[in-house]
Structures are given as structure tokens and as C-alpha cells.
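Descriptive analysis of the structure
Listed below, chain by chain, are the residues.
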Amino acid sequence: MTTQVSPHHVDWLNQGLRYYALNVYFRHRFGGRVQKISLDGGFTCPNVDGTVAIGGCTFCSNRAFSPSRRVRRQAIQRQIEEGISRLRRRYKNERFLAYFQPATNTYGPLEKLRDLWDAALEDPRVLGLVIGTRPDCVADEVLDLVDQFAERTYVSLELGVQTIHDASLEWMNRGHGHAASLDAMRRAAGRKFDISLHIMLGLPGETHAMMMATAEQVARWHPAGVKIHNLYAVEKTPLADEVRAGKTRLLELDEYIHLLADFLERLPPDVVIERVSGDAPPQDLIGPAWCLEKGEIIKRLNAEFERRGTHQGARYDAARYQLD
Ligand code: SF4
């Protein structure tokens, strides 16, 4: 595979940044600040409803996902109105992306997907769509439909790959293996929409070498973006019980920062780093407590890069051919 690095990565390096952050990408792509409005399209997941598993992912608080929820066009438009008025108060901007976020947002009939996405785009302040889903829920017809929307607007398809290791996917009760990610990425390649991959670090049983093998595969896939966070535990999940029983250990901040820097060094410099920390509701978080300190995580990451004299992509070429 050839290395195709867009000129944008030079831009962030020239600005003295250590990685290609989402706000920098939005400036490149949209000319300024854009906020995402989180929308609930009323979906569930195939590992919640019994199709491939029950109970959902080990770490996910998915009790609200019910297959019987029906969300209509008007409800999406109301969520957009509410989201915009909330975000406007905080950020004073007028440009938004409709983010279909909770559960698996392509797990439904094509007509429902088309209807919800159309409804979101009716608002002229919405510049595009972000659609969160799983690698085993993107049949060719779904990808074709996403492609049709990408012809008229910005679309990012977020795939929850998490890891390339089947044992970890099994531990998390994912209901699919790495083969599903390989298959989805093969079929999604070369289409008109962006692909962003969700990755977790610190999964039980994963060694440094295993996590770097995931980084290698992400580098090979060369998606438009990645979202990375550490494994964290929230109330009323199987992981919460494992952590309380001392069966699963969560990463310390220092460990995470080292892993994160190692991971980012192996990614191509034009992959947008959309997130380096999770979104745990503070009242439900069991641990680690530091994962709520987003600003501190970014500060520590930048300090680690500075200490090493490196940045995202610094080990990219080596990483393409050689695993630790
Ligand atoms: S992590 Fe994603 S796939 Fe897993 S149960 Fe939660 S929403 Fe569904």
C-alpha cells in the first residue's frame, strides 16, 4: 500500500502541534468551528437484542437501548433544535453536524435510515452527518446508501473496531470478531464518505505489543480519523462488577499516556485524532477517575511527545513493516 499523506498534516506540524486534532481538521474542512449534535435515532445493537449476543458490550451502559423505540422525523428535528440552542449558548456558532451516536445507527431498515438522515439534513445549519455503527452492521446496501448521502453532504461513518484481537472482542461480548472489521473496511474502501475508527486501549489481557499491532492495522487501513480512549468502568455494567471484584485492572494515567503516544506515533500523520479520552458520565464513573480530566490528558500527551521529541506519525514508516 502506498503512503498518501495529505498536505494538511504539514499544516499542524508547522503550527507546532503534536497531532492532527479534530478542531484543526474542522478548520481545514469547514473553515472554522463546527459542533456535533448528538441524536438518538431509536436504535439498539445486535449484541443487545439477542441477534448475535445479549447484554451488549461488557463496558457499555446500554440499558436504554430498546428495539421497540420508534423515533420519527419530527423527533429528530426537535432533538436538533434542542441541541442547537444548548450548544449555541456555550459556543456561539451556527454550524453543526448531526451525530447519530447511541447504539448501532445502521441497525435498521434502509427506509428508516434514509428518513432519519434526510430529516437531520433539512435544517440548513446542519452541514453533514456522523453515523456511529459496528463493523458487522454495514451491509453493502447500507454503504451504498451512505455513499448516496456523501454525494450531497459531508458524511463520516464511525466504526467501532475497538481492537484487532478476537479474544478481547470475545471478552467484551461484542458478538463479532476481527474478520468483520476486515470485511467492513475492505467493502468501505474507496467510497465517498470519511471513515473514523473507535479504538480502546487497556483491554484486559492485551499486551503493549498487541495494542501496537492494532495501531499497525489502523495505519494500514489509513482511515480519515480515529477516536481513542482507555477502558473505563461505569455503573451497572459487567465491567463494573469485574473491577469491583478485582478481576479487571484499569490503566493508570501514566500508562495510558505512554500507550497513547506509542499508538499515535504509528499512525499516518493525516489521520485526524478525533478524541483521546472517553465520555463517561461523572456520576456513573467507577474508574479510573482521571479519565474525566480531558484537558489534563491532552496536556500530558503533548508533554510526553515533547519529552520524546516526536509526534503523530513519527514511527509511521517503521510501523508499517515491523511490529514490536
Ligand atoms: S458499545 Fe456500541 S455496540 Fe456495544 S452495546 Fe454499546 S452501543 Fe452497542
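Before reading on, note that the structure itself is shown above.
Figured I'd write up the structure that's included with this text.

What counts and what doesn't
Along each chain, numbering runs from 1 in the same order as the chain's sequence is written. Per-residue local features of the predicted model are confined to residues with pLDDT of at least 70, and side-chain atom pairs are confined, for both listing and counting, to 80 or more; whole-chain, interface and lining totals are unaffected and use all residues. The basis for every side-chain value is the complete set of heavy atoms in the structure, and neither hydrogens nor water enter the calculation. The helix count covers DSSP runs of H or I at least four residues long, the strand count covers runs of E at least two residues long, and both are numbered beginning at the N terminus. For every residue, the accessible area obtained with a 1.4 Å probe (protein chains only) is divided by the maximum for its type, and the residue is called buried under 20%, exposed over 50%, and partly exposed between those limits. Here, two residues are considered to be in contact whenever any of their heavy atoms come within 4.5 Å of each other. We define a nonpolar core as any set of buried Ala, Val, Leu, Ile, Met, Phe, Trp, Tyr and Cys residues linked to one another through side-chain atoms lying within 4.5 Å. Between any two strands, pairing holds if DSSP finds at least two bridges. Note on definitions: angles span 0 to 180 degrees between N-to-C directions of axes, and those axes are lines fitted to C-alpha atoms, for helices only across the stretch in contact. Within this document, salt bridges are pairs made up of a side-chain nitrogen of Lys or Arg and a carboxyl oxygen of Asp or Glu, the two lying within 4 Å of each other. Two rings from Phe, Tyr or Trp (for Trp, the six-membered ring) form a pair when their centres are within 6.5 Å of each other. A pair whose planes differ by under 30 degrees is stacked, one over 60 is edge-to-face, and the rest are tilted. Look at NZ for Lys and CZ for Arg. If either is within 6 Å of the ring centre and within 35 degrees of the ring normal, a charge sits over the ring. Working rule for helices: expected span equals 1.5 Å times residues minus one. Counting rule for charge: Lys and Arg are taken as positive, Asp and Glu as negative, and neither His nor the chain ends is counted. As used in this structure description, the phrase polar contact means that two N or O atoms lie within 3.5 Å; if the pair is within protein, one of them must be able to donate a hydrogen and the other to accept it, and residues adjacent in sequence are counted only when both atoms belong to side chains.

Cis geometry is adopted by the peptide bond preceding proline 288, which originates at glycine 287 and carries an omega value of -5 degrees. Its location among the elements puts proline 288 in the loop between strand S9 (285-287) and helix H11 (294-308). Positive phi, close to 60 degrees, is recorded for asparagine 173, a residue that is not glycine. Turning to its location among the elements, asparagine 173 is positioned in the loop between helix H6 (166-171) and helix H7 (178-188). Asparagine 173 sits in the partly exposed class, given a relative accessible area of 25%. A positive phi is found at histidine 222, a non-glycine position, where the angle reads about 50 degrees. One can find histidine 222 in the loop between helix H8 (208-221) and strand S6 (225-230).

Mapping lysine 36 onto the fold places it in strand S1 (residues 35-39). Assessed through its relative accessible area of 21%, lysine 36 is described here as partly exposed. Residues lysine 36 and methionine 172 lie 136 residues apart in sequence; the distance between their C-alpha atoms is 27 Å. When near neighbours in sequence (up to four residues on either side) are disregarded, lysine 36 contacts Leu22, Phe26, Leu87, Leu97, Tyr99, Val130, Glu158, Lys227 and Glu274.

Counting 85 residues, the largest nonpolar core has Trp117 and Leu129 as its most contacted members. When residues no more than four places from it in sequence are discounted, the contact partners of tryptophan 117 are Phe100, Asn105, Thr106, Leu129, Ile131, Leu145, Val146 and Phe149. Listed in part, the 11 residues of the second largest apolar core include Cys57, Leu169, Leu203 and Leu239.

This part takes up the environment of leucine 264. As for its placement among the helices and strands, leucine 264 is situated in helix H10 (residues 253-265). Look at leucine 264 and you get buried, because its relative accessible area is 0%. With 189 residues separating them along the chain, leucine 264 and alanine 75 place their C-alpha atoms 39 Å apart. In contact with leucine 264, other than residues within four places in its own chain, are Tyr19, Ile228, Ile273, Leu301, Phe305, Gln312 and Gly313.

Our next topic: the sheet that holds S6. Ordered by their spatial adjacency, 7 strands build an open sheet running S1-S2-S3-S4-S5-S6-S8, and the pairing between neighbours is parallel. The sheet is open, and its two edges are formed by S1 and strand S8 (272-275), each paired on a single side. On average, each strand axis in the sheet is inclined to that of its neighbour by 25 degrees, with strand direction left out of account. Where S6 lies against S8, 3 bridges are found, and the strand directions are parallel. When the bridges of S8 are listed, glycine 225 appears paired with valine 272. Relative to S6, H10 is tilted by about 160 degrees, and along the sheet it contacts strand S5 (194-201), S6 and S8.

A side chain of one charge can pair with a side chain of the opposite charge if their charged atoms are brought near each other. Scanning all chains against the criterion turns up 25 salt bridges. For arginine 125, the salt bridge goes to aspartate 123, with nearest N and O atoms at 2.8 Å. The burial state of arginine 125 is the same as that of aspartate 123; both residues are buried. Taken together, the salt bridges that share partners define one network made up of Asp262, Glu265, Glu304, Arg307, Arg308 and Arg315.

Within the structure shown, the criterion is met by 6 aromatic pairs. Taking 6.1 Å as the distance between ring centres and 40 degrees as the angle between the ring planes, the aromatic pair formed by tyrosine 25 and phenylalanine 26 counts as tilted. Comparing tyrosine 25 with phenylalanine 26, the two get one shared label, buried. Within the aromatic cluster, the residues linked to one another by ring pairs are Tyr20, Tyr25, Phe26, Phe30 and Tyr154. In this arrangement the basic side chain of lysine 36 is found over the ring face of tyrosine 99, its NZ or CZ atom lying 5.3 Å from the centre. Lying across the ring of phenylalanine 43, lysine 112 places its NZ or CZ 4.0 Å from the centre.

Let's shift gears to the environment of asparagine 302. One can find asparagine 302 in helix H11. Between the alpha carbons of asparagine 302 and leucine 17 there is a distance of 8.2 Å; along the sequence they are 285 residues apart. Residues in contact with asparagine 302, not counting those within four places in the same chain, are Arg18 and Tyr19.

Taking 1.5 Å as the rise per residue, H8 with 14 residues should run 20 Å; its terminal C-alpha atoms sit 20 Å apart, in good agreement. Of all the residues in H8, the buried ones are Met211, Met212, Ala213, Thr214, Ala215, Glu216, Gln217, Val218, Ala219 and Trp221. Backbone geometry just after H8 places histidine 222 at a positive phi near 50 degrees.

A word on the side chain of glutamate 242. The residue glutamate 242 is located in helix H9 (residues 238-244) in this model. Although glutamate 242 is buried, it makes no salt bridge; lysine 247 carries the closest opposite charge, 6.8 Å away. One polar contact links glutamate 242 to tryptophan 171, side chain to side chain, over a distance of 3.2 Å. When neighbours within four sequence positions are excluded, glutamate 242 is seen to be in contact with Thr58, Trp171, Lys247 and Thr248.

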